[in-house]
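A structural walkthrough
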Amino acid sequence: MCALQVIPYGEDPLRRLAQQLIETHRDTLPKLTDVIVLLPTPQASLRFRQVLLEIAADHQFPALLGPTIDTLPRWVNQQSITEQAVLSEHQRELMLVEALISHPWLYGQGNPWTLADSLLELFDELGATHLSLPETLDPFVEQLAGAYGLERLDHDSLVGEARLVHSLWQAWHQQMHAAGVIDRHTDQLLKLAACQASLSPRAHFYIAGLGDVSPAQAHWLRHLLARQQAEILLQASPLALPDTDYHPARGMQDLLQRLDSAAAIPAAADNPYGQCLDSIYSDSPSPLRLRASACAQDFPHSPVAERIAIFAAGNAEREAQAIDLQVRLWWHEGKRNIGIVTENRRLARRTRALLERSGINLQDAAGWALSTTSAAATLERWLETLEDDFAYQPLLDLLKSPYLLPGQDREARLSCVYRFEQGVVLKENVARNLNRYRQHLRYRQNRLPADMAADYDDIHLLLDELATAASPLLDLTGDTPHPPGEFLAALATSLERLGLSQSFTDDAAGQRILQELQQMQAATQGSNLRMRWSEFRTWLGRTLERFNFQPPAQTGQVQLMSLGQSVLSRFDALIIAGCEAEYLPGTVGGSPFFNDGVRQALGLSGHSQRLSEKFHQFRCLLESADRILLTHRQEQDGEAVVASAWLQRLQSFHQLAYDDDLIDQPLTQLVNHGNLQVTRVADPLPQPMAAHPTARIGAELFPEFLSASGYQQLINCPYQFFAARCLKLEPPELIREMLAKADYGERVHLCLQAFHHDVSGLPGPFASPLSDNNRSAAVQCLHDIAVAVFARDLEDNFLHRGWLKRWQLMIPEYIDWQFTRQQDWQVKSTELTVSTPRPNSTVTLRGRLDRIDAGVDAETGARVVGIIDYKTGAIPDAAEVLSGESVQLPFYALLAESTGSETVTRVEYLALDERKDLANGRPASASRKTAVKTVGTLETETLESLKDDIAERLDLLVNQIQTGEAMPAWGDEVTCAYCQMSGLCRRQAWQE
């Protein structure tokens, strides 16, 4: 083997390297202490160790002493220690943000933290290539102008971009020089130079999987090759044409040039499968159709179809299910070394969950962002609790976290939290603020007997613990700037008091969070930066997003990794998942600074070079296993998803050559067969269910009281009535921080009740008859009542003032309406709750009558009764009221007549809403001036007829149900609009 060799994709470079190592050092085996193997990833190092031991065992050496196996950057870092301190990730970020803040004229109104991201990426690239910008601005502007192809040196955008980059580059380096520190790229450069001078002549290097190397690394490698102390192994396909934008071999060609090597790249693969792939991904100007035709002539039977299959999923969940099923199928076939490569971390996590449910553990090399761990979620909920004045949603999430207060009994704490949630948050409807929680907790205890009130004492203790933990941070959450170290010290104290420090120490992800917090604290030493709470939260959030958590290594042989981590891998079977343009190749790190041409002129890698590197990794993967499945999703949230261009080229080529799109039809059929998904087996139903089951209600289930809304629900949909009224299935009670329309209506009802009759604790009533002389006083009285009624809501949320204002704007119109109404009717009672049993039935009708007015019949002189139902929301259509489909008004007439001997001659709705066309709900015309008026009026014969009809219908239904007959079961003609069950519409059913 020559010092630098390029092999085809079909060969296993690690096995080739291991064989060469054993053969070269046969005389010194098992001692290999002078051998250093440098590989790109820890995953490749682990596999090489296994391969090396296998080959050594074949040579009768079951164990080896050495070699050293590491990555190039890590090995260099271990060789020598520079005298100057090296900036950590957090230190350099703080330093750059400080430089940005000291130059605010450079970025205008932009966010310095956001800009720091892009600048650090650019400075990293400049540092990695060991480039330095000119000392003054003018030469740099001239250099950029030449790169952009501009003749003018005073181009505004050019000068602005150049000034921003140059000024901050100089300021950043001046800060580092003043602090006596260097960045990691300078540290690498110094260590490489020191290593080159002190390297032992006995040391011998074996290197594989090299990608983009820096000039300093290339110089060091050239030195090793010249001294014949290195063996370098690369993989590539035939050379790319000179004018090709990107190609799998482009990176290898550039690397060979940097190493001044004349090593030859193989002209073509030596196997049909590799030759087909070379033809598919060739940069030849020959059309794809011609290349496909030539391939079909050379290989009548497709070598690609024997190894590659494609699964096109309808959505992301189907894709994850397909991966899960395919892994289980391969596992059943006896394959154990299975790889899953994807850049889609959401898909990776869902796949992991499905496989673990199937009993298959994964080695997840990529991990996931710290921000997505349970420990980080607990930390985030605590900080949100502080920021939102102890709002109940984040607070309850925090209190239910297993990380909180680990020294306490968890069951007792959860019981305490449950009583706090039910008794204080929900029943008292308190949304935030520790003092309000305490106040309403005392209110509740005062209403309870002493023994029951004592059950709430532990809630006081829990709230006290929260207040103690919050105290270090509360003074820092405003807009006053503080040193970042103060935020971190206060946060550490707060976490300690909550017990989160202890819990995080016992948790793998929590340990990583504590490590990053400690490193953030160390980075603040010597920093003059001051930040507000919002900026500290940005810094902390960026840290949790940027750094990954990798779970402890599993023993499973199914490996989950990213494209970059797959370098030099070999598998029994492989799935390349998430083959969409979004991820493969993806955005490949675009920068807002400089276009590709300028970047290349500056000596930086361009977009095409980064694409070529990912393309090379993908091309290697296609020959890393005998069975390969490529998956992609076609749709997400109703929108089409574009497949990767690399996948499309493979599929199109094969379709043209062999009339086969490579879709895995058997797998598609299996995935669509739901019984093949791993699920928990449910207990069988006691008896077969009918296609359209009917409900039978026992007498014990039928409600004792029936309201107008309950009767309306029975008419609308018997199944909803059965579920809500008989089985009492209701959604969980929710606290409402914002008034809903129904809450607003209740408050308007209460205002009108207090205006007409005495209500304890509220102003009013206005006892005098309305007249022109006291109209203003009446309006003011109702205003005062409204302020008192809405006072509690304004305390909860200032935005509720809009609801109060909405009602106050209608008060004068209500007074005008009442002035006209009192000419014929006088208010008899308000908010009257009435219960009346139905004759010959166990059902009692119950309801609340908003207002009952008394009057005198103009013809007979008899006393009559009118009912008004206040409506602040939607009003039933007049046609539904007249047809009996809307039963509320006739139902109220039945109730009112049970309160006395007077005859109800009129029922109507009083609309109390914004100015709208009350007949059709549209905005009112300019001529309409009132929002308060009666609508949907029923009187005389019409009212009597409807009242009798709904009473007869109700008695018939109740009798059928209570005698054991099934509730109405619709047929199969139409779909019920209320519960989506197949059946006749309600109106058609009642007519029949």
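Residues numbered from 1 in each chain as written. Predicted model: local features only at pLDDT ≥ 70, side-chain atom pairs only at ≥ 80, totals over all residues. Heavy atoms only, no water.

Helix and strand content of the protein: 37 helices and 25 strands. For the protein, with 992 residues in total, the buried portion stands at 50%. Restricting the contact set of the protein to residue pairs at least 6 apart, pairs at least 24 apart contribute 75%. Just so you have it, the protein exposes about 47000 Å², and 50% of that area is on carbon and sulfur atoms. (Helix = DSSP H or I, 4+ residues; strand = E, 2+ residues; numbered from the N terminus. Buried < 20%, exposed > 50% of the residue type's maximum accessible area, 1.4 Å probe, protein only. Contact = heavy atoms within 4.5 Å. Areas by Shrake-Rupley, 256 points an atom, 1.4 Å probe, with all protein chains shown as cover.)

The parallel open sheet is built from 6 strands, whose spatial order is β8-β15-β14-β9-β13-β10. Lying at the two open borders of the sheet, with one neighbouring strand each, are β8 (308–313) and β10 (362–364). Taking the axes of each pair of neighbouring strands and ignoring which way they run, one obtains an average angle of 20 degrees across the sheet. Here helix α26 (residues 607–621) sits on the sheet and contacts β9 (338–341), β14 (573–576) and β15 (627–633); the angle it forms with β14, its principal contact strand, is near 145 degrees. (Pairing = 2+ DSSP bridges. Axes fitted to C-alpha atoms, helices over the stretch in contact; angles between N-to-C directions.)

Here we come to the pairing of strand β19 (residues 826–837). Relative to strand β20 (residues 844–856), β19 is paired through 10 bridges, and the arrangement is antiparallel. Bridge pairing links Ser835 to Arg846 in β20. In sequence, β19 turns back onto β20 through a hairpin of 6 residues, with Asn840 there showing a positive phi of about 55 degrees.

So, on to helix α17 (residues 410–426). Across its 17 residues, α17 extends 22 Å between first and last C-alpha, which sits within 8% of the 24 Å expected from 1.5 Å per residue. The sharpest bend along α17 comes to roughly 25 degrees, located at Phe420. Three or more residues of α17 are buried, namely Arg413, Cys416, Val417, Arg419, Phe420, Glu421, Gly423, Val424, Val425 and Leu426. Those residues of α17 hidden inside the fold are in contact with α16 (392–399), α18 (434–447) and α20 (457–474). (Expected span 1.5 Å × (residues − 1). Bend = angle between axes of the 7 residues up to and from the residue.)

Attention now moves to the environment of Leu383. With respect to the helices and strands, Leu383 occurs in helix α15 (residues 374–387). Placed 15 residues apart in sequence, Leu383 and Leu398 show a C-alpha to C-alpha distance of 9.8 Å. Setting aside anything within four residues of it in sequence, one finds Leu383 in contact with Leu473, Leu491, Trp533, Arg537 and Leu540.

Moving on to the confidence of the model for the protein. The share of residues in the protein with pLDDT of 70 or more is 89%, and the mean pLDDT across the chain is 84. Here strand β24 (residues 922–923) stands out as the element of the protein with the lowest mean pLDDT, 41, in contrast to β14, whose mean of 97 is the highest. Confidence drops under a pLDDT of 50 for residues 969–992, and excluding neighbours within four residues, the segment shows 48 contacts in the predicted structure. (pLDDT = per-residue confidence, 0-100.)

Turning to the sheet that holds strand β1 (residues 4–7), a few remarks are in order. Spatial strand order, β1-β7-β6-β2-β3: 5 strands in an open sheet with parallel pairing. Edge strands, defined here as strands with exactly one partner in the open sheet, are β1 and β3 (68–70). Each strand of the sheet is rotated relative to its neighbour by a mean of 15 degrees, with strand direction disregarded. The pairing of β1 with strand β7 (residues 230–235) spans 4 bridges and is classified as parallel. Bridged to Gln5 within β7 is Leu233.

Here we come to the environment of Leu164. Inspection of the secondary structure puts Leu164 in helix α7 (residues 156–179). Each residue touching Leu164, except ones within four places of it in the same chain, is listed here: Leu106, Leu115 and Phe593.

On to the packing of aromatic side chains. What the rule picks out here adds up to 22 aromatic pairs. An angle of 75 degrees between the planes, with centres 5.5 Å apart, marks the rings of Tyr403 and Phe504 as edge-to-face. Placement of Tyr403 in the loop between α16 and α17 and of Phe504 in helix α22 (residues 500–505) is noted, with a sequence separation of 101 residues between them. Here Tyr403 and Phe504 have matching classes, each one buried. When the centroid spacing of 4.9 Å and the interplanar angle of 10 degrees are considered together, the rings of Phe487 and Phe536 count as stacked. Placement of the pair is Phe487 in helix α21 (residues 484–498) and Phe536 in helix α24 (residues 533–546), with a sequence separation of 49 residues. Overall, the relative accessible area of 0% leaves Phe487 in the buried class. Three or more aromatic residues joined by ring pairs form one cluster here, namely Tyr281, Phe615, Phe618 and Trp646. (Phe/Tyr/Trp six-rings, centres within 6.5 Å; stacked < 30°, edge-to-face > 60°.)

With that out of the way, let us pick up the pattern of salt bridges. Across all of its chains, the model carries 47 salt bridges by this definition. We note a salt bridge from Arg542 to Glu93, for which the minimum N-O separation is 2.1 Å. Placement of the pair is Arg542 in helix α24 and Glu93 in helix α4 (residues 89–101), with a sequence separation of 449 residues. Of the two residues examined, Arg542 and Glu93, each falls in the buried class. A salt bridge links Arg838 to Asp955, with the nearest nitrogen and oxygen atoms 2.9 Å apart. Linking Arg838 in the loop between β19 and β20 with Asp955 in helix α36 (residues 940–962), this pair joins segments that are 117 residues apart in sequence. With relative accessibility at 16%, the residue Arg838 sits in the buried group. Put simply, Arg821, Arg851, Asp853, Arg906, Glu908 and Glu939 are held in one network by salt bridges that share partners. (Salt bridge = Lys/Arg side-chain N within 4 Å of Asp/Glu carboxyl O.)

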